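# Commentary on secondary and tertiary structure
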Amino acid sequence: MAAQTKAERQAANRRAHFEKRQAERAGRGPRGLAESWMERARAVAATREKGGDEEVWNDLSRTIANWVTRYEQ
């Protein structure tokens, strides 16, 4: 097994944690899965923001706003 950097270990741990929580929430059906993906979206946005991506929250906001507009009518 190749040695991992700290960032690679953290990414693998985040993925494993997300997959575990998603599997738990899947038992609650689509609503549980949606909650899992929303949580993951916030985590990804926060990580990218720390990395200097200034547009990430605007993109997530527009995506959610488009979804709400489509289903709110």
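Notes on the structure follow.

What counts as what
Residues numbered from 1 in each chain as written. Predicted model: local features only at pLDDT ≥ 70, side-chain atom pairs only at ≥ 80, totals over all residues. Heavy atoms only, no water. Axes fitted to C-alpha atoms, helices over the stretch in contact; angles between N-to-C directions. Helix = DSSP H or I, 4+ residues; strand = E, 2+ residues; numbered from the N terminus. Parallel < 35°, antiparallel > 145°, perpendicular 65-115°, else oblique. Left-handed = near helix turned anticlockwise from the far one by under 90°. Contact = heavy atoms within 4.5 Å. Nonpolar A, V, L, I, M, F, W, Y, C, P; charged D, E, K, R; others polar. Expected span 1.5 Å × (residues − 1).

What follows covers the packing of helix H1 (residues 6-26) against helix H2 (residues 30-50). Interhelical geometry of H1 versus H2 gives an angle of 160° and a closest axis separation of 8 Å. If you check the angle between H1 and H2, you find them roughly antiparallel. Note that H1 runs across H2; the crossing there is right-handed. On H2, the residues that touch Arg14, Phe18, Arg21, Gln22, Arg25 and Ala26 of H1 are Gly32, Leu33, Glu35, Ser36, Trp37, Glu39 and Arg40. Across the contact of H1 with H2, the residue classes tally to four nonpolar, three polar and six charged.

Our focus in this paragraph is H1. Given a rise of 1.5 Å per residue, 21 residues ought to cover 30 Å, and the 30 Å separating the end C-alpha atoms of H1 matches this to within 8%. Each element contacted by the buried residues of H1 is listed here: H2.

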